[in-house]
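# Structural description and commentary
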Number of protein chains: 2
Amino acid sequence: MTETARGTSHRYGTRPTMKDVAARAGVGLKTVSRVVNGEPGVTPDTERRVQEAITALGFRRNDSARILRKGRTASIGLVLEDLADPFYGPLSRAVEEVARSHGALLINGSSAEDPAREQELVLALCARRVDGLVVIPAGDDHRYLAPEIAAGVATVFVDRPAGRIDADVVLSDNFGGAQAAVAHLIAHGHRRIGFIGDQPRIHTAKERLRGYRTAMADAGLPVADSWVSLGPTAPDRVRAAATAMLAAPEPVTALFSGNNRVTVTAVRVLRDHPRPVALVGFDDFELADLVHPAITVVAQDSAHLGRTAAGLLFRRLDGIDDPPQRLELPTRLIPRGSGEIGPPEG
Amino acid sequence: MTETARGTSHRYGTRPTMKDVAARAGVGLKTVSRVVNGEPGVTPDTERRVQEAITALGFRRNDSARILRKGRTASIGLVLEDLADPFYGPLSRAVEEVARSHGALLINGSSAEDPAREQELVLALCARRVDGLVVIPAGDDHRYLAPEIAAGVATVFVDRPAGRIDADVVLSDNFGGAQAAVAHLIAHGHRRIGFIGDQPRIHTAKERLRGYRTAMADAGLPVADSWVSLGPTAPDRVRAAATAMLAAPEPVTALFSGNNRVTVTAVRVLRDHPRPVALVGFDDFELADLVHPAITVVAQDSAHLGRTAAGLLFRRLDGIDDPPQRLELPTRLIPRGSGEIGPPEG
DNA sequence: CCGGGATTTGACAACGTTGTCTAGGGGCTA
DNA sequence: TAGCCCCTAGACAACGTTGTCAAATCCCGG
């Protein structure tokens, strides 16, 4: 470490503390603290001297120490699958806005859909003593969180419920949305409808599958095994699944895609397909109205999910202590054309 | 605070400390510290006793205290415009991945393009003593950061340069990309080309405008005042600007849109326009290949920007101390059709 | 000019951890 | 068996802040 001054009279890499400010202003440590925090009981003159010392030294309060002393970090953690996913961006932003309005910062982590990584992140955040957690779970066993919750870390799960633990959760109506989507296709005359969804261990995928099956059953329609394909949302897998369904001897005449990533790939496959095939996708996405045909979707408002979850979290932090809640937000079917295509032979 | 035990033998909201663990295990405080941190010099037998006490009490190290003691927070801050913007999601994720590979967490904040809010966020992060900062500046004066940088907060600016301060910066080749985009339109026969961009105080908007003007000048083409419109990217504003350019007595026959938000609105306007109008957009976006016509874009790799910036940041944190760098990443023109439309009369 | 209450100020401990330093015990060598 | 060294273990201070409390100072009316 060099002794060279750099802008201030302090060693590079060493920040002045309240003690330094106090010495320079010729006052006590606590007085500096009072000035910094705008506490009452300081003469205008003293305050001015302290302020001068603060600017002269470039002092900035060390919040690490403050946090240690006060026991509150004024920060919350958000663990989600992938910040780069257009579904989670708005959710994340919404959580951030709520946090901001409560004076808290947001620490963010992507689990990459890996339960081990989720746990690692969550526990790292707990070690930082975040005041609360918003978690989009990747795993399905959250018992590891029980001691943390018991110790006072408010936790709200979003988009998918917690596993093997009783906690607040905010969900979309995945079942109802899927059911509506498939009913919509059935109403337009389809009888052979394929479903391409996410990995079956993911709650939303299961619920949407259930909605699909229920809608089919309600209409008295059978579901062939080959019409359902669950797995990773990687384009290759989805493309293969869609192609297979379309090439079968009794091909599906409509597709229900289980999330935005699947939908995008499905649109690409259908564009290159000779026959028109109807499509309804779960999740809205930008430009869904501009592709041809415009894509009919079941929209869920991810920002709303985030806002609701964060709101619930801060209610908890304010000490509201009712039993864990389960909130379910409605979805909305937005007909745009791709779902209104009838089956080939009428 | 209730005295009721909840899962452990501790008061709700009070976490056990190393002292508690030490007492329970019948060892000294420092021994617990050693076990927790995997330091050598502990008998297997002692270690086992400590581990037992840790599990029994549900102890988790308090990183706030650790941070205070060690002086490093193992976290970096990222301040950007809007986490919900599809351009920043991947950037953010890339920064996070690099941080993760260095064992650091990411604290995230959206400035909403408001300089005051940017400063507020940045200084809050400095108060938390983040080890480093990645900033997508909203303002154009960052002298307020000088004391922080001098005090050792590594800082890298991304997407736009810092104002009135000498610091590392990672940019896209906005000028070159814009120039290529407009040259592409000119090569397809256009002479009256409109430019709709972001607010002129934003660096990228200025650079793209400069690229536009240069390309026009290089081709010996005049630029009418009414062909250039800079301002907020709100759909209404963009729609009005585009409509005006298309309705003028000598209407533009092609549009160059200054970023992805502008492009999306432009596509909507052009879809409803009677004559075909060419379009090239700055920034690639999902489904750009699926709308009709497919949108020709100048792509910049936002994840690459993020990765590069974070990489540079951690080089700084590792003590590399060369003078501030300015890195410029190339952009790529992706012709897809919308830019290849010729002007109406040949 | 003095008593008394209000106001300003500072000394000190505490938050929970880690770095330093020293004590004690065990094993090895001469 | 004495002497040495190494290894384990713990006492203690320190990180920079805030809460508590007591001391010092001020202002006012009598």
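Residues numbered from 1 in each chain as written. Chains lettered and ligands numbered in written order. Predicted model: local features only at pLDDT ≥ 70, side-chain atom pairs only at ≥ 80, totals over all residues. Heavy atoms only, no water.

Per an unreviewed UniProt entry, chain A carries the name LacI family transcriptional regulator and comes from Streptomyces yunnanensis.

### Observations regarding the overall build of chain A
The helix and strand inventory of chain A stands at twelve helices and 14 strands. Taking 2.2 N^0.38 as the reference for a compact globule, 346 residues should give roughly 20 Å; the C-alpha atoms of chain A span a radius of gyration of 27 Å, well beyond that estimate. Reported as C-alpha extents along the three principal axes, the dimensions of chain A are approximately 90 × 45 × 35 Å. Counting the 346 residues in chain A, one finds 55% classified as buried. Across chain A, the fraction of contacts at a sequence separation of at least 24, relative to all contacts at a separation of at least 6, is 64%. Accessible area for chain A stands at about 14,300 Å²; split by element, carbon and sulfur atoms hold 52% of it. Charge centroids of chain A, computed over 42 positive and 42 negative side chains, lie 6 Å from each other. (Helix = DSSP H or I, 4+ residues; strand = E, 2+ residues; numbered from the N terminus. Rg over C-alpha atoms; globule rule 2.2 N^0.38 Å. Buried < 20%, exposed > 50% of the residue type's maximum accessible area, 1.4 Å probe, protein only. Contact = heavy atoms within 4.5 Å. Areas by Shrake-Rupley, 256 points an atom, 1.4 Å probe, with all protein chains shown as cover. Lys, Arg positive; Asp, Glu negative; His and termini not counted. Charge placed at Lys NZ, Arg CZ, Asp CG, Glu CD.)

### Things to note about helix 8 (residues 174–187) of chain A
Residues and elements named next belong to chain A. For helix 8, spanning 14 residues, the distance from its first C-alpha to its last is 20 Å, which sits close to the expected 20 Å at 1.5 Å a residue. Most of helix 8 sits inside the fold, with ten of its 14 residues counted as buried. By the burial criterion, the buried members of helix 8 are N174, F175, G176, G177, A178, A181, V182, H184, L185 and I186. One or two residues past the end of helix 8 sits G189, with phi positive at roughly 100°. (Expected span 1.5 Å × (residues − 1).)

### A word on the domain arrangement of chain A
Its domain assignment divides chain A into domain 1 (5–61), domain 2 (73–171 + 303–330) and domain 3 (174–300). Each of domain 1 of chain A and domain 3 of chain A has a C-alpha centre, and these two points are 63 Å apart. (Domains from an automatic or database assignment.)

### A closer look at the protein's contact with DNA strand C
By nearness alone, 24 residues border DNA strand C, and T31(A), R34(A), T46(A), M18(B) and R69(B) come closest of all. A share of 61% of the atoms of DNA strand C within 4 Å of the protein falls on sugar and phosphate groups. A distance of 2.4 Å separates a phosphate oxygen of DNA strand C from a polar side-chain atom of T31(A). Residue M18(B) places a main-chain N or O atom 2.7 Å away from a phosphate oxygen belonging to DNA strand C. (Near = heavy atom within 4 Å. Polar contact = N/O pair within 3.5 Å; in protein donor to acceptor, adjacent residues only side chain to side chain.)

### A look at the UniProt feature "domain: HTH lacI-type" (unreviewed entry) in chain A
Under the feature "domain: HTH lacI-type" (unreviewed entry), the UniProt entry names residues 16–70 of chain A. End C-alpha atoms of residues 16–70 of chain A are separated by 21 Å, and the span's content is 69% helix alongside 0% strand. (UniProt positions renumbered as here; feature names shortened; annotations may be inferred.)

### Section: unusual backbone geometry
For the bond running from H292(A) to P293(A), omega is -5°, close enough to zero to count as cis. Mapping P293(A) onto the fold places it in the loop between strand 11 (278–282) and strand 12 (296–299). With a phi close to 55°, A112(A) is a non-glycine residue in the positive phi region. Relative to the assigned elements, A112(A) resides in the loop between strand 4 (105–110) and helix 6 (115–127). Backbone geometry places D159(B), a non-glycine residue, at a positive phi of 75°.

### Considerations on empty space enclosed by the protein
The final tally for this structure, using the stated rule, is five cavities of 30 Å³ or more. In this structure, the largest cavity spans a volume of roughly 190 Å³. I67(A), R128(A), S64(B), I67(B) and R128(B) are the residues nearest the centre of the largest cavity, which is lined by 14 residues in total. Going through the elements one at a time, helix 4 (63–70) of chain A together with helix 4 (63–70) of chain B are the ones with two or more residues in the lining of the largest cavity. Counting residues per element, the lining of the largest cavity draws most heavily on helix 4 of chain B, at three residues. (1 Å grid on protein atoms, 1.4 Å probe; cavity = no way out; pocket = protein on both sides within 12 Å on 5 of 7 lines; lining within 4 Å. Points joined across faces, edges and corners; volume = space filled by probe spheres on them.)

### Focus: the sheet that holds strand 9 (residues 278–282) of chain B
All names here are of chain B. What the six strands build is an open sheet, ordered 7-6-8-9-10-12; its pairing is mixed. The sheet terminates laterally at strand 7 (228–230) and strand 12 (332–334), the two strands that pair on one side only. Direction aside, neighbouring strands of the sheet carry axes that sit 15° apart on average. Here three bridges tie strand 10 (residues 296–299) to strand 12, and the two strands are oriented antiparallel to one another. Its bridge partner being in strand 12, V297 is matched across the sheet by I334. Strands strand 6 (193–197), strand 7 and strand 8 (254–257) of the sheet are contacted by helix 10 (residues 235–247), whose axis makes an angle of about 170° with strand 6. Contacts from helix 11 (residues 260–271) reach strand 6, strand 8 and strand 9, with the element oriented near 160° to strand 9. (Pairing = 2+ DSSP bridges. Axes fitted to C-alpha atoms, helices over the stretch in contact; angles between N-to-C directions.)

### Regarding the relation of the copies chain A and chain B
The transformation that overlays chain A on chain B combines an axial shift of 0.0 Å with a rotation of 180°, and the residual RMSD is 0.0 Å. Taken together, the rotation and translation describe the operation of a two-fold axis. Most of the interface of chain A is mirrored in chain B, where 100% of its interface residues are also at the interface. (Least-squares fit on C-alpha atoms with pLDDT ≥ 70 in both.)

### With respect to the packing of aromatic side chains
For any pair of aromatic rings, the description consists of the separation of the ring centres together with the inter-plane angle of the planes. Applying the stated criterion to the full structure yields six aromatic pairs over all chains. For the ring pair F87(A) and Y88(A), a centre distance of 5.1 Å and an interplane angle of 80° mean the geometry is edge-to-face. Plain terms: the ring middles of F195(B) and Y212(B) are 5.5 Å apart, the flat faces sit at 25° to each other, and that makes the pair stacked. Highlighted residues: F195(B) in strand 6 and Y212(B) in helix 9 (residues 203–218), separated in sequence by 17 residues. Pairwise contacts between aromatic rings join F195(A), Y212(A) and F256(A) into one cluster. Positioned over the ring face of F282(A) is R208(A), at 3.8 Å from the centre of the ring. For R210(A), the ring lying beneath its charged end belongs to F175(A), and the centroid distance is 4.1 Å. (Phe/Tyr/Trp six-rings, centres within 6.5 Å; stacked < 30°, edge-to-face > 60°. Lys NZ or Arg CZ within 6 Å of the ring centre and 35° of its normal.)

### Remarks on the protein's contact with DNA strand D
Around DNA strand D, the surrounding shell holds 24 residues, and the nearest of these are M18(A), R69(A), T31(B), R34(B) and T46(B). Here the atoms of DNA strand D within 4 Å of the protein split so that 63% fall in sugar or phosphate, with bases taking the remainder. In this structure, a phosphate oxygen belonging to DNA strand D sits 2.7 Å away from a side-chain N or O atom of S33(A). Between DNA strand D and R69(B), the relevant distance is 3.1 Å, taken from a base nitrogen to a side-chain nitrogen or oxygen of the residue. For the surface near DNA strand D, the secondary structure elements donating two or more residues are helix 2 (29–36) and helix 4 of chain A together with helix 2 (29–36) and helix 4 of chain B. Top contributing element to the surface near DNA strand D by residue count: helix 4 of chain A, with four residues. Class assignment for the residues of the surface near DNA strand D results in seven nonpolar, nine polar and eight charged. (Nonpolar A, V, L, I, M, F, W, Y, C, P; charged D, E, K, R; others polar.)

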